Amino acid sequence: MAKMLVIYRTPADPAAFDRHYFDIHLPLAKQLPGLRRYDVSKRPIVSLSPPGETPYIVATLYFDSLDAIRTAFASEIGKACAVDRRKYAPEDDDAMMLLFDSEAM
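From a predicted model like this one, the values you see are computed outputs, not experimental measurements.

Peer 1: Could you give an account of the packing of helix α2 (residues 66-74) against helix α3 (residues 76-88), naming the residues involved and the relevant values?
Peer 2: Running from N to C, α2 and α3 cross one another at 75°; their axes reach a closest spacing of 4 Å. Judged by the inter-axis angle, α2 sits roughly perpendicular to α3. Mapping the contact onto sequence places Ala 72, Phe 73 and Ala 74 in α2 and Glu 76, Gly 78, Lys 79 and Cys 81 in α3. Each residue belonging to the contact of α2 with α3 can be placed in one class, and the counts come to four nonpolar, one polar and two charged.

Here it is in structure tokens:
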């Protein structure tokens, strides 16, 4: 299993972020080819280290492999997701994205 972890910083307008993210972006992203599961954190999020800004939302997308993630984001839906993300989190540092393989231990 491979995961995409997206950590969003607190937006300037949380209500506008939430409207766009949950009403537009999330339904779009759920159409990604090969997506197995999509989890979104519920606030509050506790940051243990390093001290500093606490993430606003953490989203985890599950795929079969890293190649499946690459294929999903090369699709038309994937490209649309990338464009849409700029509408509610326009700056590069508004979100940190991590892609990684995972296995149960």
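From this point, things continue past the structure.
Peer 1: Run through α3, naming residues and quoting values.
Peer 2: Along an α-helix, residues three or four apart share an orientation, since each turn contains 3.6 residues. Taking 1.5 Å per residue as the helical rise, α3 with its 13 residues ought to reach 18 Å, and the 19 Å between its terminal C-alpha atoms agrees with that figure. The secondary structure elements touched by the buried residues of α3 are β1 (2-8), α1 (14-29), α2 and β4 (95-101).

Peer 1: Go over the packing of aromatic side chains with me, naming the residues and quoting the values.
Peer 2: Counted according to the given criterion, the structure contains eight aromatic pairs. An angle of 70° between the planes, with centres 5.6 Å apart, marks the rings of Tyr 8 and Tyr 21 as edge-to-face. Placement of Tyr 8 in strand β1 and of Tyr 21 in helix α1 is noted, with a sequence separation of 13 residues between them. Judged on exposure class, the residue Tyr 8 and its partner Tyr 21 are both buried. Here Phe 17 and Tyr 21 contribute two aromatic rings whose centre-to-centre distance is 5.7 Å and whose plane-to-plane angle is 10°, an arrangement assigned as stacked. With Phe 17 and Tyr 21 both in helix α1 and four residues apart, this pair spans about one turn of that helix. Tyr 21 sits in the buried class, given a relative accessible area of 0%. Among the aromatic residues, those joined into a ring-pair cluster are Tyr 8, Phe 17, Tyr 21, Phe 22, Tyr 56 and Tyr 88. Residue placement shows Arg 37 over the ring face of Tyr 62; its charged tip is 4.2 Å from the ring centre.

Basis of the calculations
Residues numbered from 1 in each chain as written. Predicted model: local features only at pLDDT ≥ 70, side-chain atom pairs only at ≥ 80, totals over all residues. Heavy atoms only, no water. Axes fitted to C-alpha atoms, helices over the stretch in contact; angles between N-to-C directions. Helix = DSSP H or I, 4+ residues; strand = E, 2+ residues; numbered from the N terminus. Parallel < 35°, antiparallel > 145°, perpendicular 65-115°, else oblique. Contact = heavy atoms within 4.5 Å. Nonpolar A, V, L, I, M, F, W, Y, C, P; charged D, E, K, R; others polar. Expected span 1.5 Å × (residues − 1). Phe/Tyr/Trp six-rings, centres within 6.5 Å; stacked < 30°, edge-to-face > 60°. Buried < 20%, exposed > 50% of the residue type's maximum accessible area, 1.4 Å probe, protein only. Lys NZ or Arg CZ within 6 Å of the ring centre and 35° of its normal.

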